[in-house]
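A closer look at the structure
The residues making up each chain are set out below.
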Amino acid sequence: ILDVESGTKKQLNQDTEEVAYGGGQFSEDGKGIYVTTDKGSEFHRLVYWDLATGKIATLTDQIPWDVDGFDLSNDGKSICFVTN
């Protein structure tokens, strides 16, 4: 993440294994991001990544297919996703 004002950078991914990430939308409050990832799974799942703690909460762990895409509503209260 790049802070445009200060120019400081923060790397989120600290993985040593091969992991794929896709998409990326900030939450409405700016405290996290929504991404897809295959971390810990054979499928791409939709997750919420808390920027303060670095913790990742999986939102689609009960769906045994890839999440191909997603979009956050304008008010940030809903998220729509597509699975294969």
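Residues numbered from 1 in each chain as written. Predicted model: local features only at pLDDT ≥ 70, side-chain atom pairs only at ≥ 80, totals over all residues. Heavy atoms only, no water.

Here we come to the overall build of the chain. The secondary structure content of the chain amounts to 0 helices and 6 strands. Along the chain direction, N to C, the helices and strands of the chain fall in the order β-β-β-β-β-β. Taken along the three principal axes of its C-alpha coordinates, the chain extends 40 × 35 × 20 Å. When burial is assessed residue by residue, the chain has 23% of its 84 residues classed as buried. Sequence-distant contacts in the chain: of pairs separated by 6 or more residues, those separated by 24 or more amount to 22%. Roughly 5900 Å² of accessible area belongs to the chain as shown, and the carbon and sulfur atoms make up 48% of that amount. The chain carries 7 positive and 15 negative side-chain charges, and their two centres are separated by 8 Å. (Helix = DSSP H or I, 4+ residues; strand = E, 2+ residues; numbered from the N terminus. Buried < 20%, exposed > 50% of the residue type's maximum accessible area, 1.4 Å probe, protein only. Contact = heavy atoms within 4.5 Å. Areas by Shrake-Rupley, 256 points an atom, 1.4 Å probe, with all protein chains shown as cover. Lys, Arg positive; Asp, Glu negative; His and termini not counted. Charge placed at Lys NZ, Arg CZ, Asp CG, Glu CD.)

Moving on, we get to the packing of aromatic side chains. Under the criterion given, the structure shown has 2 aromatic pairs. For the ring pair tyrosine 34 and tyrosine 48, a centre distance of 5.1 Å and an interplane angle of 55 degrees mean the geometry is tilted. Here the residue tyrosine 34 occupies a position in strand S2 (residues 32–37), and tyrosine 48 occupies one in strand S3 (residues 45–50), the gap between them amounting to 14 residues. Neither residue differs from the other here; tyrosine 34 and tyrosine 48 are each classed as buried. (Phe/Tyr/Trp six-rings, centres within 6.5 Å; stacked < 30°, edge-to-face > 60°.)

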